[in-house]
Amino acid sequence: EPEVTQTPSHQVTQMGQEVILRCVPISNHLYFYWYRQILGQKVEFLVSFYNNEISEKSEIFDDQFSVERPDGSNFTLKIRSTKLEDSAMYFCASSSLGPLYGYTFGSGTRLTVV
Amino acid sequence: AQTVTQSQPEMSVQEAETVTLSCTYDTSESDYYLFWYKQPPSRQMILVIRQEAYKQQNATENRFSVNFQKAAKSFSLKISDSQLGDAAMYFCTSLLTQGGSEKLVFGKGTKLTVNP
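Residues numbered from 1 in each chain as written. Chains lettered and ligands numbered in written order. Predicted model: local features only at pLDDT ≥ 70, side-chain atom pairs only at ≥ 80, totals over all residues. Heavy atoms only, no water.

**A word on the interface of chain B and chain A**
We apply this condition: Only heavy atoms matter for contacts: two residues are in contact if any of them lie within 4.5 Å across the pair. Summed over both partners, the accessible area lost on bringing two parts together, with a 1.4 Å probe, is the buried area. Whenever Lys or Arg places a side-chain nitrogen within 4 Å of a carboxyl oxygen from Asp or Glu, that contact is recorded as a salt bridge. For the purposes of these results, a polar contact is taken to be a pair of N or O atoms within 3.5 Å, where, inside protein, one atom must be able to donate a hydrogen and its partner to accept one; residues adjacent in sequence count only when each atom of the pair is a side-chain atom. Counting from the N terminus, the helices are DSSP H or I runs at least four residues long and the strands are E runs at least two residues long. Each residue is assigned to one of three groups, with Ala, Val, Leu, Ile, Met, Phe, Trp, Tyr, Cys and Pro labelled nonpolar, Asp, Glu, Lys and Arg labelled charged, and all others, Gly among them, labelled polar.
Contacts between the two partners involve 22 residues from chain B and, on the opposite side, 25 residues from chain A. Carbon and sulfur atoms make up 54% of the area that chain B and chain A hide from each other, which totals about 2000 Å². For chain B, the biggest contributors to the area lost against chain A are B:Gln44, B:Glu102 and B:Phe106; these three give 35% of the whole. The interface formed by chain B and chain A holds zero salt bridges in total. Taken together, the links from chain B to chain A amount to 13 residue pairs in polar contact (both at pLDDT 80 or more). Taken together, the elements giving at least two residues each to the side of chain B that touches chain A come down to strand E5 (32-39), strand E6 (46-52), strand E10 (88-96) and strand E11 (104-106) of chain B. Of all the elements, E5(B) adds the most residues to the side of chain B that touches chain A, at four residues. Within the side of chain B that touches chain A, the residues separate by chemical class into ten nonpolar, seven polar and five charged.

**Some remarks on the pattern of salt bridges**
Note the following rule: With a 1.4 Å probe rolled over the protein chains alone, any residue whose accessible area is under 20% of its type maximum counts as buried; one over 50% counts as exposed, and the rest are partly exposed.
Inspection of every chain in the model, using the stated rule, returns six salt bridges over all chains. Note that A:Glu44 is salt-bridged to A:Arg36, the shortest N-O span being 3.0 Å. Classification of A:Arg36 by relative accessible area gives buried; the value is 8%. Linking B:Arg63 and B:Asp86 is a salt bridge whose minimum nitrogen-to-oxygen distance equals 2.8 Å. Separated by 23 residues along the polypeptide, B:Arg63 in the loop between strand E7 (60-61) and strand E8 (64-69) and B:Asp86 in the loop between strand E9 (74-79) and E10 bring together distant segments of the chain. Through salt bridges with shared partners, a single ionic network connects A:Arg36, A:Glu44 and A:Asp86.

Okay, here's the thing in structure tokens:
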């Protein structure tokens, strides 16, 4: 079964450092998403991406965050200057037909900011 | 605002038995979709079942079915003939379709244990 692949599975970074989380969506999918889950809290939406541009973003997704699909296969989330409160599990997801038909999520990257 | 509530942090079931996971949601919108996602330990989250709010008929996918009560804003998941592979975290989610939103709203999840 096709999978969404996220790397790394765990990342530890110092506060103030830039971090890039990487995702390889399923190859024929056109819609891409990032979600995050802070420990003990609900999974929450960050951003959606379609046709090489952001289609929707949440209030969390401020200027410190950016997304990119640099080469047609990878989908990255960059956090420019990490804060302690950015520590969370970050999930990438993709969909072939759009959100009404459901997503396939990756296994997540656990980001720890120290 | 949309909210999704899963009141059961953990549930357990005996293999081959039936279990029901509860979910309630709150929205003032009329057009929305509801989903259950399953996340096995250390594995990716996958879609289990979806329900369009405008459909009265409850969705069914093999051993998985929902009880969708629109007036009560309830969307429970029934797993019949539970198998060991059903052990996972189950998330109830909603998606508003008005305005073209793509944002899934999640409940906190229910951890299901299947006992042999």
